[in-house]
Amino acid sequence: MDYLETLLSDLVTASRILAHEGICDAFGHVSFRHPDNPKRFFQARAVAPELVTRDDIIEFDLDGAAVSDDRKPFLERFIHGTLYAARPDVHSVVHSHSRGVIPFGITDVPIRPLLHSCGVLGHDVPVWDAADTFGDTNLLIASNDMGRDFAETFGQGRAALMRGHGSTVVGRSIREAVYTAVYLDVNAQLQAAAMQLGPVKFLSDGEIDLIQSRLGDAKPGEGYDRTWQYWARRAGMADDAPVP
Ligand code: MN
């Protein structure tokens, strides 16, 4: 299998993992940047992530226009294209409405990493509010203008919330983006629980930096690869192939 086919196959696995781990339900989507053309990305047509197959995947330019394909795309594909345009380091994007995160988008309590597995979230998880620029909307990112506004709030970090809507994470790989999406929700659930008990001791900035550098240096079978293999098996997508 060539590298692009491997990534297309991984996109199917990523969709199933995100559904199985409760990050996506009928909604939510994952994409990756074309490895040979940074101005293109791949994403499934508008279908629940649990149902995605290789044949559902469409190629898009960074404006969210499909390349020779007239099947119905996700309305919110603009989240992906505008982030790829703004962030050359980003190679995969996950958008979801995972429930644990929602309270932090509608209160003034920021999400901060509190568990070693969640250091990947970085120092700052901003909240984007569609109403700040666009007034009353249906809260969905349905245009490149909204996407660019969101990407500006997203900044150089790994994750951002959308008020009353959901969250988006980015990664240097599909595996990193999936990992970050799962652990963003884990962190949110644990933070909400811990705050019931009392003041929370979060990771320090130095701890976050050390965790991120360790994950970045992980060898095959460690870090993102170990979680990927575990989640793929749980989702019924056996992944025993060597890591590309
Ligand atoms: Mn959405």
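In this text, all values refer to a predicted model and were calculated from it rather than measured experimentally.

Chemist: Describe the coordination of the manganese ion, with residues and values.
Modeler: Ideal values differ by geometry: the angle at a metal is 109.5 degrees with four tetrahedral donors, but 90 or 180 degrees with six octahedral donors. Listed as protein donors to the manganese ion are Glu76 (OE), His95 (NE2), His97 (NE2) and His165 (NE2); their distances from the metal cover 2.0 to 2.1 Å. In the primary sequence, the donor residues of the manganese ion line up as E-x18-H-x1-H-x67-H.

Chemist: Could you give an account of the packing of aromatic side chains, naming the residues involved and the relevant values?
Modeler: This structure, assessed with the given rule, holds 9 aromatic pairs. Between Tyr179 and Trp231 the ring centres are 6.3 Å apart and the planes differ by 55°, which places this aromatic pair in the tilted class. In this pair, Tyr179 is assigned in helix H6 (residues 174-197) and Trp231 in helix H8 (residues 223-234), connecting sequence segments 52 residues apart. The burial state of Tyr179 is the same as that of Trp231; both residues are buried. Ring plane angle 45° and centroid distance 6.1 Å describe the contact between Tyr183 and Trp231, whose orientation is recorded as tilted. Remark: Trp231 occurs in helix H8 and Tyr183 occurs in helix H6; sequence separation between them is 48 residues. Here the aromatic cluster, defined as three or more aromatic residues joined through ring pairs, consists of Tyr179, Tyr183, Tyr224 and Trp231.

Chemist: Can you tell me about the packing of helix H2 (residues 77-86) against helix H5 (residues 144-154), naming the residues and giving the values?
Modeler: One can describe the packing of H2 onto H5 by two numbers: an axis separation of 8 Å at closest approach and a directional angle of 55°. One finds that H2 runs oblique with respect to H5. The interaxial crossing formed by H2 with H5 has right-handed handedness. Here H2 contributes Phe78, Ile79, Thr82, Leu83 and Ala86 to the contact with H5, which in turn contributes Asn144, Gly147, Arg148, Phe150, Ala151 and Phe154. Looking at the contact of H2 with H5, its residues break down into 7 nonpolar, 3 polar and 1 charged.

Chemist: Go over the nonpolar core with me, naming the residues and quoting the values.
Modeler: The biggest cluster of nonpolar side chains holds 47 residues, and the ones touching the most others in it are Leu18, Ile111, Val178 and Leu184. With 9 residues, H6 is the largest single contributor of residues to this core. Contacts of Val178, omitting those with residues within four sequence positions, involve Ala14, Ile17, Leu18, Val94, Trp228 and Trp231.

Chemist: Lay out the packing of helix H1 (residues 3-20) against H8 in plain terms, naming residues and giving numbers.
Modeler: Put simply, H1 and H8 touch, their axes get as near as 9 Å, and they point 75° apart. As the angle between them shows, H1 and H8 are arranged roughly perpendicular. For the pair formed by H1 and H8, the contact residues are Asp10, Thr13, Ala14, Ile17 and His20 on the first element and Trp228, Trp231, Ala232 and Arg234 on the second. By residue class, the composition of the contact of H1 with H8 is 5 nonpolar, 2 polar and 2 charged.

Chemist: Just give me the short version of unusual backbone geometry, but keep the residues and values in it.
Modeler: Positioned with a positive phi, Ser68 is a non-glycine residue whose angle comes to about 50°. Even without being a glycine, Leu139 presents a positive backbone phi close to 80°. As for its position among the elements, Leu139 is in the loop between helix H4 (130-134) and H5. Assessed through its relative accessible area of 22%, Leu139 is described here as partly exposed.

Chemist: Can you break down the pairing of strand S6 (residues 159-162) residue by residue, with the values?
Modeler: Regular strands show a simple pattern: their side chains alternate between the two faces of the sheet. Residues Ala159 and Leu161 line one face of S6 and the alternating positions Ala160 and Met162 line the opposite face, and both faces are buried. Where strand S5 (residues 127-128) and S6 come together, 2 bridges link them in parallel fashion. What sits directly across from Trp128, in S6, is Met162. Relative to strand S7 (residues 166-171), S6 runs antiparallel, the two being bridged by 4 bridges. Each residue of the ladder has a partner; that of Ala160, found in S7, is Thr168. Following S6, the chain reverses through 3 residues before pairing antiparallel with S7; Gly164 in that reversal takes a positive phi of roughly 65°.

Chemist: I'd like a description of the sheet that holds strand S4 (residues 92-96), backed by residues and values.
Modeler: Sheet strands pair via backbone hydrogen bonds, and the direction of the pair is either parallel or antiparallel. Taken in spatial order, the 7 strands line up as S3-S2-S1-S4-S7-S6-S5 in an open sheet, and their pairing is mixed. Strand pairing shows two members of the sheet lacking a second neighbour, strand S3 (57-61) and S5, which therefore form its edges. Pairing geometry for S4 and S7, over 5 bridges, is antiparallel. Residue pairing across strands places Ser92 opposite Gly171, the latter belonging to S7. This element, H6, spans strand S1 (29-33), S4, S6 and S7 of the sheet and lies at about 145° to S7.

What counts, and at which threshold
- In every chain, residue numbers begin from 1 and rise along the written sequence.
- Whole-chain, interface and lining totals are the exception, using all residues; otherwise, since this is a predicted model, local features are given only for residues with pLDDT of at least 70 and side-chain atom pairs are given and counted only at 80 or more.
- Hydrogens and water are ignored here; the side-chain numbers use all heavy atoms of the structure.
- Coordination shells were defined by N, O and S atoms within 2.8 Å of each metal, extended to 3.2 Å for Na, K and Ca; water is absent from the atom set, which can make sites look incomplete.
- Any Phe, Tyr or Trp ring, taking Trp's six-membered ring, that has another such ring centre within 6.5 Å forms a pair; planes under 30 degrees apart are called stacked, those over 60 apart edge-to-face, and the others tilted.
- Secondary structure follows DSSP: runs of H or I at least 4 residues long count as helices, runs of E at least 2 residues long count as strands, and numbering of each begins at the N terminus.
- The buried label goes to any residue with under 20% of its type's maximum accessible area, the exposed label to any with over 50%, and the partly exposed label to all in between, with areas taken from a 1.4 Å probe on protein chains only.
- As a rule, the C-alpha atoms of each element are fitted with a line to give its axis, helices using only the stretch in contact, and angles between N-to-C directions run from 0 to 180 degrees.
- Here the word oblique covers every angle except those under 35 degrees (roughly parallel), over 145 (roughly antiparallel) and from 65 to 115 (roughly perpendicular).
- By definition, turning the near helix anticlockwise from the far helix through less than a right angle yields a left-handed crossing, and turning it clockwise yields a right-handed one.
- In what follows, residue pairs with any heavy atoms lying within 4.5 Å of each other are defined as contacts.
- Only Asp, Glu, Lys and Arg are considered charged, only Ala, Val, Leu, Ile, Met, Phe, Trp, Tyr, Cys and Pro nonpolar, and every remaining residue, Gly among them, polar.
- Side-chain atoms within 4.5 Å are what join buried Ala, Val, Leu, Ile, Met, Phe, Trp, Tyr and Cys residues into a set we call a nonpolar core.
- One bridge is not enough; two strands pair if DSSP finds at least two bridges between them.

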